[in-house]
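Survey of secondary and tertiary structure
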Amino acid sequence: ATRKTEMRDCIKTAVGRFLDDFDPRKSKPTLTKALRETLKDVARALAKARSAVARDSYSKEITFPVHQTELPTRLCEQLSMWCLGMVSLGLDEQAVDQIARRFLVENIPYTRSRVIRAVQQSIKDGVDPDEKNVADHAKMSRSYVRRILEELEMLGVLAENGRNYEIADNVIEEAFA
């Protein structure tokens, strides 16, 4: 038998054992209030970080309406169902919380995520998290980073302090730590 066949048989056996012992009438997984609050915060932060910001196609300037935030309720519901599944599989609350925060990081658009990481890395390295240093850390052009910084500031993910930037959303800051 090939390695692939062995792996399939192993997974089949493990899932079979789990389903044999699983009784949905006995197992009513619930999420603690603290975890539900975390999921709400994660959904809100993710909706904010993923929202579109309208720009003029020629000048690339931000246009009005400035942005239309994605509603976090749908994300929160989906995330809650996903976490209920993890709880019913036996994961503890701390593991589910960490996975939810990882979900936040992994679902922010890639270039925005790179810029957030670059802001954070600039601060850790003890250099001013200004446009130039953020662009250097992100290994992206300054003009592109400038647009992303503007968008993230507009969405409330980052805050500008003089020429420097900082992460303005605590949930996002903790998730990227």
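Pairing geometry for strand β3 (residues 158-161) and strand β4 (residues 164-167), over four bridges, is antiparallel. The residue of β4 that forms the bridge with N161 is N164. Between the antiparallel neighbours β3 and β4 lie two residues, among them G162 with a positive phi of about 70°.

In the Ramachandran plot, K60 falls in the positive-phi region, its phi being about 70° despite a non-glycine side chain. Mapped onto the elements of the fold, K60 is located in the loop between β1 (52-55) and β2 (62-68). Here K139, not a glycine, exhibits a phi torsion of approximately 55°, which is positive. Along the chain, K139 falls in the loop between α6 (131-138) and α7 (142-154). Residue class for K139 comes out exposed when judged on its relative accessible area of 72%.

It is worth spelling out a nonpolar patch on the surface at this point. A cluster of nonpolar side chains, contributed by I11, V15, F18, L19, L89 and L91, occupies part of the molecular surface with about 530 Å² of accessible area. Owing to a relative accessible area of 32%, L91 belongs among the partly exposed residues under this scheme.

With their axes 10 Å apart at the nearest point, helix α3 (residues 72-88) and helix α4 (residues 93-107) run at an angle of 145° to one another. Once α3 is placed against α4, the crossing between them reads as right-handed. Along its contact with α3, which presents L79, W82, C83, M86 and V87, the element α4 presents V96, I99, A100 and F103. Looking at the contact of α3 with α4 residue by residue, the class counts come to nine nonpolar, no polar and no charged.

So, on to the pattern of salt bridges. The full count for this structure, using the stated rule, is 13 salt bridges. The partner of R55 in a salt bridge is E150, and the shortest N-O contact between them spans 3.0 Å. With R55 in strand β1 and E150 in helix α7, the pair connects residues that are 95 residues apart, well separated along the chain. Here R101 makes a salt bridge to D97, at a shortest N to O gap of 2.9 Å. One end of the pair, R101, and the other, D97, are both in helix α4, four residues apart, so they sit about a helical turn from each other. For D97, a relative accessible area of 18% gives the class buried. The network of salt bridges with common partners includes R55, R112, E150 and E151.

Here we take up the nonpolar core. L104, V115, I116, L149, V157, L158 and I172 are the most contacted members of the largest nonpolar core, which totals 41 residues. It is helix α2 (residues 33-50) that provides the largest number of residues to this core, a total of eight residues. Contact partners of L149, with chain neighbours within four places excluded, come to V115, V119, E131, V134, L158 and Y165.

Okay, the side chain of S51 next. In this structure, S51 sits in the loop between α2 and β1. With a relative accessible area of 2%, S51 lands in the buried category. A polar contact of 2.6 Å, which involves the side chain of S51, links it to the backbone oxygen of A47.

Cut-offs applied
Residues numbered from 1 in each chain as written. Predicted model: local features only at pLDDT ≥ 70, side-chain atom pairs only at ≥ 80, totals over all residues. Heavy atoms only, no water. Pairing = 2+ DSSP bridges. Helix = DSSP H or I, 4+ residues; strand = E, 2+ residues; numbered from the N terminus. Buried < 20%, exposed > 50% of the residue type's maximum accessible area, 1.4 Å probe, protein only. Patch = residues over 30% accessible without salt bridge, like charges linked within 9 Å, V, L, I, M, F, W, Y side chains within 5 Å. Areas by Shrake-Rupley, 256 points an atom, 1.4 Å probe, with all protein chains shown as cover. Salt bridge = Lys/Arg side-chain N within 4 Å of Asp/Glu carboxyl O. Axes fitted to C-alpha atoms, helices over the stretch in contact; angles between N-to-C directions. Left-handed = near helix turned anticlockwise from the far one by under 90°. Contact = heavy atoms within 4.5 Å. Nonpolar A, V, L, I, M, F, W, Y, C, P; charged D, E, K, R; others polar. Core = buried A, V, L, I, M, F, W, Y, C linked by side-chain atoms within 4.5 Å. Polar contact = N/O pair within 3.5 Å; in protein donor to acceptor, adjacent residues only side chain to side chain.

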